[in-house]
Amino acid sequence: MVSALENGTVLDHIPAGNVFKVLEILGLMGEKNRITIGINLDSKYLGKKGIIKIEDKFFRDDELNKLAIIAPKATVNIIRDFRVVEKKKLTMPEEIEGIARCMNPKCITNHQPVKTRFKTIDNGNEISLLCHYCEKITDVKGLY
Amino acid sequence: MKKSLISIRDFSKEEILHVLEVAKEFEKNRVQNILEGKVIACIFFEPSTRTRLSFETAVNRLGAKVIGFSDATNTSVSKGETLKDTIKMVSNYVDMIIMRHPLEGSSRYASEVASVPVVNAGDGANQHPSQTLLDLYSIMQTQGHLDGLTINMVGDLKYGRTTHSLLQAMSHFSPNFIFTAPDELKMPVEYKDFLKEKGIPYKETLSLEEHLNDCDILYMTRVQQERFTDPMEYERVKDVYRLEASMLSGVKPNMKVLHPLPRVNEIDQDVDETPYAYYFKQAENGLYVRMSIIAYLLGYR
């Protein structure tokens, strides 16, 4: 049964296909608290969107901003006592670590246990990632 | 603070010029035991002759000792040791690590794991900064300066790391570029975008003849078979350009032909006898420039 959230975080306007990636990036795959997810909900902006409600969990901005590469238009609502006490948008971090994979098959990060690290490049329309190691560009499309 | 040289972008314009100045000093006097008592590791996970021998010669001429390997098959790497562990172990023994590795980004990673400076002697198709510095040294030596020159890059401009790094390094010195390449091997868009952003002019052509007479430096490259994933593509383009002495009748008197070597068919041997050939001297310059890089990173120059 889905009930209203008393305390917790609501992530809205996630591209429908990226809901599970969001859970993964936030480290919620083994989470014990109640999580409600909606996928393929109608959205004016995205066509189909996803939404995630997590009970009794609050995130630091740097944790949330990691989502900016796969859900740049996501909004974050902080709920306390059934009320939205804060609403925020994500900011693209200058660097991201340990999330995306480098698309260069000869990059060291695809062969050895090295945490990936990228500079984010925003050309206005699209985000791309410059690998800190092999210096090649990875498109955000088809990241995982 | 330890300083490594992984990508030519790690050096500012001032540092580039400093290293070139110091290289001049080593060219005048190539035996200087300033690193006596030091040990430097040359670890080559991939074959190389010129680069490895010139680095090892540079270390010896500076009075330091060399340890290392030129083939990873006889090392713990063949037992599955990670690069991290190899580097951690080696950096406990030595004062500097010079490394070549087939994977791109391996040297950057090594520099983060090592407790001593790392010099990248080539990481796959990515960077080879000592080559770039010796190219700059050769350009400066033949032209007297680096500013406002017209550089014609010929051959594999798509996979050739030397042309990409040279382009980045020369961007400090208001150059003009000509890119001579077949359609399959054109200069990648990201480098052209970089030039546009910096307001540096370039022209592209398919014809080697077209811009021979208006360049100061003709930078020839080999089409490297090992960089191709499609053997048919390699066959189509491998012999696309061939420079011969007879083509050089109208060139500028100061024009020099550079090539990172090894060459295959792209420069005929009859060019060697012309006053424009500079590639063997360029290779020799590698020694002085590598001595300079080592001395600078270890804080001796």
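Given the structure is predicted, the values throughout are model-derived calculations rather than measurements.

What counts, and at which threshold
Residues numbered from 1 in each chain as written. Chains lettered and ligands numbered in written order. Predicted model: local features only at pLDDT ≥ 70, side-chain atom pairs only at ≥ 80, totals over all residues. Helix = DSSP H or I, 4+ residues; strand = E, 2+ residues; numbered from the N terminus. Rg over C-alpha atoms; globule rule 2.2 N^0.38 Å. Buried ≥ 20, exposed ≤ 12 C-beta atoms within 10 Å, placed from the backbone. Contact = placed C-beta atoms within 7 Å. Core = buried A, V, L, I, M, F, W, Y, C linked by C-beta atoms within 7 Å. Domains from an automatic or database assignment. Nonpolar A, V, L, I, M, F, W, Y, C, P; charged D, E, K, R; others polar. Expected span 1.5 Å × (residues − 1). Axes fitted to C-alpha atoms, helices over the stretch in contact; angles between N-to-C directions. Parallel < 35°, antiparallel > 145°, perpendicular 65-115°, else oblique. Left-handed = near helix turned anticlockwise from the far one by under 90°. Pairing = 2+ DSSP bridges.

Enquirer: Any chance you could break down the overall build of chain A for me, citing the residues and the numbers?
Expert: On a plain count of helices and strands, chain A comes out with two helices and nine strands. The secondary structure elements of chain A, listed N-terminal to C-terminal, are β-α-β-β-α-β-β-β-β-β-β. Taken against the 2.2 N^0.38 rule, which gives 15 Å for 144 residues, the C-alpha radius of gyration of chain A at 16 Å falls within 12% of a compact globule. Here the C-alpha coordinates of chain A stretch approximately 50 × 30 × 25 Å along the principal axes. Buried residues in chain A amount to 31% of all 144 residues. Across chain A, contacts joining residues at least 24 apart in sequence account for 59% of those joining residues at least 6 apart.

Enquirer: So, the nonpolar core: which residues are in play, and what are the values?
Expert: The nonpolar side chains of a soluble globular protein tend to be buried with one another. The biggest cluster of nonpolar side chains holds 114 residues, and the ones touching the most others in it are M96, I97, I98, V257 and I294 of chain B. Among the elements that make up this core, the one with the highest residue count is helix α9 (residues 279-297) of chain B (nine residues).

Enquirer: Describe the domain arrangement of chain B, with residues and values.
Expert: Residue and element names in this part refer to chain B. With domains assigned, chain B is organised as domain 1 (8-127 + 286-297) and domain 2 (130-283). When each unit is reduced to the centre of its C-alpha atoms, the spacing between domain 1 and domain 2 is 26 Å. By residue class, the composition of the side of domain 1 that touches domain 2 is 10 nonpolar, three polar and four charged.

Enquirer: Could you give an account of helix α5 (residues 129-143) of chain B, with specific residues and numbers?
Expert: Residue and element names in this part refer to chain B. When the terminal C-alpha atoms of α5 are compared, their 21 Å separation across 15 residues agrees well with the 21 Å that a helix rising 1.5 Å per residue should span. Across the 15 residues of α5, 12 count as buried, placing the element largely inside the fold. Within the span of α5, buried status applies to P129, S130, Q131, T132, L133, L134, D135, L136, Y137, S138, I139 and M140. Looking at the packing, one finds that the buried side of α5 touches α1 (13-28), β4 (118-123), α6 (161-170), β8 (217-220), β9 (256-258) and α9. Count one or two residues on from α5 and you reach G144, which has phi positive near 85°.

Enquirer: Summarise the packing of helix α2 (residues 50-61) of chain B against α9 of chain B; cite the residues concerned and give the values.
Expert: Residue and element names in this part refer to chain B. Here α2 crosses α9 at 50°, and the two axes come no closer than 8 Å. Classified by the angle their axes make, α2 and α9 are oblique. Crossing hand, α2 versus α9: right-handed. Contacts between α2 and α9 pair R50, S54, F55, T57, A58, V59 and R61 from the former with A283, G286, L287, R290, M291 and I294 from the latter.

Enquirer: Describe the interface of chain A and chain B, naming the residues involved and giving the relevant values.
Expert: Taken together, the contact between chain A and chain B spans 15 residues of the former and 12 residues of the latter. Taken together, the residues of the side of chain A that touches chain B sort by class into eight nonpolar, five polar and two charged.

Enquirer: I'd love a proper account of the sheet that holds strand β4 (residues 75-80) of chain A, names of residues and values included.
Expert: Residues and elements named next belong to chain A. Read from one edge of the open sheet, five strands run β2-β3-β1-β4-β5, paired in antiparallel fashion. The open sheet has two edge strands, β2 (35-43) and β5 (83-89), and neither has a second partner. Recorded for the sheet is a direction-independent mean angle of 20° between the axes of neighbouring strands. Taken together, the six bridges between strand β1 (residues 8-15) and strand β3 (residues 47-55) define a ladder with antiparallel strand orientation. Bridge pairing in β3 places I14 opposite G50.

Enquirer: Any chance you could break down the pairing of β2 of chain A for me, citing the residues and the numbers?
Expert: All names here are of chain A. Note: β2 against β3, seven bridges, orientation antiparallel. Bridged to L41 within β3 is K49. Connecting β2 to the next strand, β3, in antiparallel fashion are three residues.

Enquirer: Please provide a residue-by-residue account of the domain arrangement of chain A, values included.
Expert: Residues and elements named next belong to chain A. Segmenting chain A into domains produces domain 1 (8-89) and domain 2 (95-139). Distance from the C-alpha centre of domain 1 to the C-alpha centre of domain 2: 24 Å. Contacts between the two partners involve four residues from domain 1, matched on the other side by five residues from domain 2.

Enquirer: Any details on the environment of R222 of chain B? Residues and values, ideally.
Expert: Residue and element names in this part refer to chain B. With respect to the helices and strands, the residue R222 is situated in the loop between β8 and α8 (231-237). A sequence separation of 171 residues divides R222 from T51, and the C-alpha atoms of the two residues are 16 Å apart. Once residues within four sequence positions are removed from consideration, R222 is found in contact with G155, P262, R263, V264 and E266.

Enquirer: Tell me about the sheet that holds strand β7 (residues 202-205) of chain B, and name the residues and values.
Expert: Residues and elements named next belong to chain B. Taken in spatial order, the five strands make up an open sheet running β7-β6-β5-β8-β9, and their pairing is parallel. Two strands lie at the open edges of the sheet, namely β7 and β9, each paired on one side alone. Mean inter-strand twist for the sheet, computed between neighbouring axes without regard to direction, equals 20°. One ladder, built from five bridges, connects strand β5 (residues 150-154) with strand β6 (residues 176-180); its direction is parallel. Looking at β6, one finds that T150 is bridged to N176.

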